[in-house]
Amino acid sequence: MDRPVLLPDKFDVAEFLRDYWQKKPLLIRNPWAAWTNPIEPDELAGLATDDDVETRLIELSRVSLTAEHGPFPAARFGKLKKQPWTLLVQAVDNHVPEVAALIDPFRFVPNWRIDDVMVSYATDGGGVGAHFDQYDVFLIQGLGRRRWQIGGMCDAATPMVPDSDLRLLAAFEPVEEWILEPGDILYVPPRIAHNGVAVGDDCMTYSVGFRAPSRGELVSGWAEDLASSANDDDRFRDTALDPEANPGEISAGAIDALHAMVVEAVQDREAFARWFGRYNSTRKYPEIDWSPEKPITAAKLRKRLAKGAGLYRNPASRFSYVRQDAGSVLLFADGEAFACAGEVVAVAEQLCASDRPALSDEPSPAVTELIAALINQGSVAFDED
Ligand code: SIN
Ligand code: CO
């Protein structure tokens, strides 16, 4: 498989991160060494028939856009009317390695911030309507042409079309527009209004999307984790109870002590890092299960590695790590944490940096144990399998 490469003279990463990332939109005209559309329309339609793949079909009628959730039988697309339509398929990178490879040029953004690649296919005039997203996105034109318009910055108060699960803007005023050709990229930061409409049939767009947790999601997620491990005996106790003038008052001292119980618990930074790594690396679509029917043993693994077998990371798996004291790291893979020290650290780093980690053909027992655990939970597999 030829990996897509961005030409540094057409896409300067340092300049992009300084001037545009999370700040303002940028149109990048075909910055690839050689652009090839990574998935054919028929193959995308095939994925849309799969129960395990999240898809939507959006049709434009005379007055409005309507959305329908998949899976869709293959015959469905042939029966669509003349009105423009769009098929959206989520997380295609989880299924198609050529689409997963589209993320690689953007890995100057860390793994934990990367979400997935959504692919759209539209007929002439098709689109999902003017909207805004909470996340950064690189919109890569894969096939055909699309007119992109961008508008201003939106927020929670921006008026939306009522009763539509498409989250459409009630009013959209474009400030700039371009027609994107195959290989062109439009970067759109969070909350910037945008509207893409296919110009001609066979329009395919790849959305390399990112994630940024909201404060609400962090607070509720971590609180749930803390609560699940809390000891029931660890509770409020009166230190010195003074008689209250009014029995209805919760004293300032009681509030201080109660608040301190919560603050103390959430201040544990190490526990937070452990929880966050597991939480963030949990797979969005766990259906693509690579775990072997019979768990691999350390002896069998060693044998296969000695014979030169290579490893391949499940494209649906999520890998990241945090550094800890004394050079050790905590590796996170698909919601599990692995403490790695000594020679295992370099292996953990490799696993996070590359989807085909190069391993020694005579790994140490600790490395073997880690790799066996990752194979058994379906996060990596042998290349030839
Ligand atoms: C599309 O591909 O049609 C929509 C992508 C987006 O606006 O985020
Ligand atoms: Co969007």
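Residues numbered from 1 in each chain as written. Chains lettered and ligands numbered in written order. Predicted model: local features only at pLDDT ≥ 70, side-chain atom pairs only at ≥ 80, totals over all residues. Heavy atoms only, no water.

1. Regarding the domain arrangement of the protein
Move 1: Looking at the assigned domains, one finds that the protein contains domain 1 (13–210), domain 2 (219–237 + 252–267) and domain 3 (298–382).
Move 2: The gap between the C-alpha centroids of domain 1 and domain 2 is 43 Å. (Domains from an automatic or database assignment.)

2. Quick notes on the environment of Pro4
Move 1: With respect to the helices, strands and loops of the structure, Pro4 is situated in the segment before helix H1 (13–19).
Move 2: Owing to a relative accessible area of 18%, Pro4 belongs among the buried residues under this scheme.
Move 3: With 94 residues separating them in the primary sequence, Pro4 and Glu98 have C-alpha atoms 8.9 Å apart.
Move 4: Once residues within four sequence positions are removed from consideration, Pro4 is found in contact with Trp32, Ala101, Leu102 and Pro105. (Helix = DSSP H or I, 4+ residues; strand = E, 2+ residues; numbered from the N terminus. Buried < 20%, exposed > 50% of the residue type's maximum accessible area, 1.4 Å probe, protein only. Contact = heavy atoms within 4.5 Å.)

3. Thoughts on the coordination of the cobalt ion (ligand 2)
Move 1: All of the protein donors around the cobalt ion (ligand 2) are His131 (NE2), Asp133 (OD) and His194 (NE2); their distances to the metal are 2.1 Å.
Move 2: Along the chain, the residues donating to the cobalt ion (ligand 2) are arranged with the sequence spacing H-x1-D-x60-H. With a gap of 61 residues between them, Asp133 in the loop between strand S5 (114–122) and strand S6 (137–153) and His194 in strand S9 (residues 192–210) connect regions that are remote in the sequence. (Donors = N, O, S within 2.8 Å, 3.2 Å for Na, K, Ca; no water.)

4. A closer look at the site of ligand 1
Move 1: Residues in contact with ligand 1, as listed here, are Met118, Ser120, Val128, His131, Asp133, Leu139, Arg146, Trp148, His194, Thr205 and Ser207.
Move 2: Here an oxygen atom of ligand 1 and a side-chain polar atom of Arg146 are 3.5 Å apart.
Move 3: Within the side chain of His194, an N or O atom sits 3.2 Å from an oxygen atom of ligand 1.
Move 4: Burial of ligand 1 by the protein amounts to 95% of the accessible area it has alone, namely 260 Å².
Move 5: Contributing elements (two or more residues each) for the shell around ligand 1: S5, S6 and S9.
Move 6: Taken together, the residues of the shell around ligand 1 sort by class into four nonpolar, five polar and two charged. (Near = heavy atom within 4 Å. Polar contact = N/O pair within 3.5 Å; in protein donor to acceptor, adjacent residues only side chain to side chain. Areas by Shrake-Rupley, 256 points an atom, 1.4 Å probe, with all protein chains shown as cover. Nonpolar A, V, L, I, M, F, W, Y, C, P; charged D, E, K, R; others polar.)

5. Observations concerning a negative patch on the surface
Move 1: Residues Glu40, Asp42, Glu43 and Glu98 make up a contiguous surface patch of negative charge.
Move 2: Structurally, Glu98 is set in helix H3 (residues 97–100).
Move 3: Exposure remark for Glu98: the relative accessible area of 35% places this residue in the partly exposed category. (Patch = residues over 30% accessible without salt bridge, like charges linked within 9 Å, V, L, I, M, F, W, Y side chains within 5 Å. Salt bridge = Lys/Arg side-chain N within 4 Å of Asp/Glu carboxyl O. Lys, Arg positive; Asp, Glu negative; His and termini not counted. Charge placed at Lys NZ, Arg CZ, Asp CG, Glu CD.)

6. Topic: the sheet that holds strand S12 (residues 329–333)
Move 1: The sheet built from three strands is open, its strands ordered S11-S12-S13 with antiparallel pairing. Every other strand in the sheet has two partners, leaving strand S11 (319–323) and strand S13 (336–340) as the edge strands with one partner each. When strand polarity is set aside, the average angle formed by the axes of neighbouring strands in this sheet is 25°.
Move 2: Helix-sheet contacts for helix H6 (residues 269–280) involve S12 and S13, and the interaxial angle to S12 is about 30°.
Move 3: Where helix H9 (residues 365–376) meets the sheet, it contacts S11, S12 and S13, and its direction lies at approximately 170° from that of S13. (Pairing = 2+ DSSP bridges. Axes fitted to C-alpha atoms, helices over the stretch in contact; angles between N-to-C directions.)

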